[in-house]
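Geometric and topological summary
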Amino acid sequence: MPDVFTKAKRSEVMSRIRSHGNAATELRLMKLMRDEKITGWRRQLPLTVRSAGIKVRPDFVFRRERLAVFVDGCFWHGCPRHATQPKQNRIFWETKILRNQTRDRLVTRELTKAGWTVLRIWECALTLKRARGTLSRLQRALKKPAR
Ligand SMILES: [Zn+2]
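Residues numbered from 1 in each chain as written. Predicted model: local features only at pLDDT ≥ 70, side-chain atom pairs only at ≥ 80, totals over all residues.

Here we look at the nonpolar core
- Counting residues in each nonpolar core, the largest one holds 22 residues, and the members touching the most others are Leu67, Ala68, Val69 and Ile121.
- Taken together, the elements giving at least two residues each to this core come down to strand S3 (54-56), strand S4 (60-62), strand S5 (67-72), helix H3 (90-113) and strand S6 (117-122).
- Looking at this core element by element, the count peaks at 5 residues for S5. (Core = buried A, V, L, I, M, F, W, Y, C linked by C-beta atoms within 7 Å. Buried ≥ 20, exposed ≤ 12 C-beta atoms within 10 Å, placed from the backbone. Helix = DSSP H or I, 4+ residues; strand = E, 2+ residues; numbered from the N terminus.)

This is the structure:
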């Protein structure tokens, strides 16, 4: 996919990035990690990717393992299973969600290039039924040797 941003535009866009993770979802993952005794993470630690001139704030950062975890809301980030289509202002929402997805890809790519492992977790992957599998994914990512 071609890069849709010029360098200047990109840093402008990136500077406006906030965590879109919804607080309840982040709290849910926090609880799961605590129950599982997964430690060593910090919440919303700002990371600067100097080579790309961007600053990001992953929902959780495991600094030692160089792992950045994002919890993505199904609606805001366009989860393939749960992306709903609001009937009102459809174009507006579609544009917004597409923009979020483009930004998500950019952030993942730039962090990866900078030697981070990036784990994106859908909001819906934290349900009782799917939490087990999600935690295994997280544990696998934590065991991955840092580059
Ligand atoms: Zn979903």
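The structure having been displayed, the exposition proceeds.
Points about the sheet that holds S4
- Spatially, S1-S4-S5-S6 is the arrangement adopted by the 4 strands of the open sheet, whose pairing is mixed. Two strands lie at the open edges of the sheet, namely strand S1 (41-43) and S6, each paired on one side alone. Neighbour to neighbour, the strand axes of the sheet diverge by 20° on average, direction disregarded.
- Across 3 bridges, S1 lies against S4 in antiparallel orientation. When the bridges of S4 are listed, Trp41 appears paired with Phe62.
- Contacting S4, S5 and S6, helix H4 (residues 128-143) runs over the sheet at an angle of about 175° to S6. (Pairing = 2+ DSSP bridges. Axes fitted to C-alpha atoms, helices over the stretch in contact; angles between N-to-C directions. Contact = placed C-beta atoms within 7 Å.)

Some thoughts on the confidence of the model for the chain
- In this model, the chain carries an average pLDDT of 86, and 84% of its residues clear a pLDDT of 70 or more.
- Across the chain, the element-wise mean pLDDT spans from 52 in helix H1 (residues 7-15) up to 97 in S4.
- This stretch, residues 12-19, has a pLDDT under 50; its non-local contacts, to residues over four places away or in other chains, come to 10 contacts. (pLDDT = per-residue confidence, 0-100.)

A few points about the pairing of S5
- Burial analysis of S5 places 6 of its 6 residues in the buried class, which makes it a mostly covered element.
- In S5, alternate side chains face the same way, and those of Leu67, Val69 and Val71 on one face and Ala68, Phe70 and Asp72 on the other are all buried.
- Across 3 bridges, the pairing between S4 and S5 is antiparallel. Counterpart to Phe60 in the pairing with S5 is Val69.
- Counting the residues between successive antiparallel strands, the hairpin from S4 to S5 contains 4 residues, one of them, Arg66, with a positive phi of roughly 55°.
- Pairing geometry for S5 and S6, over 6 bridges, is parallel.

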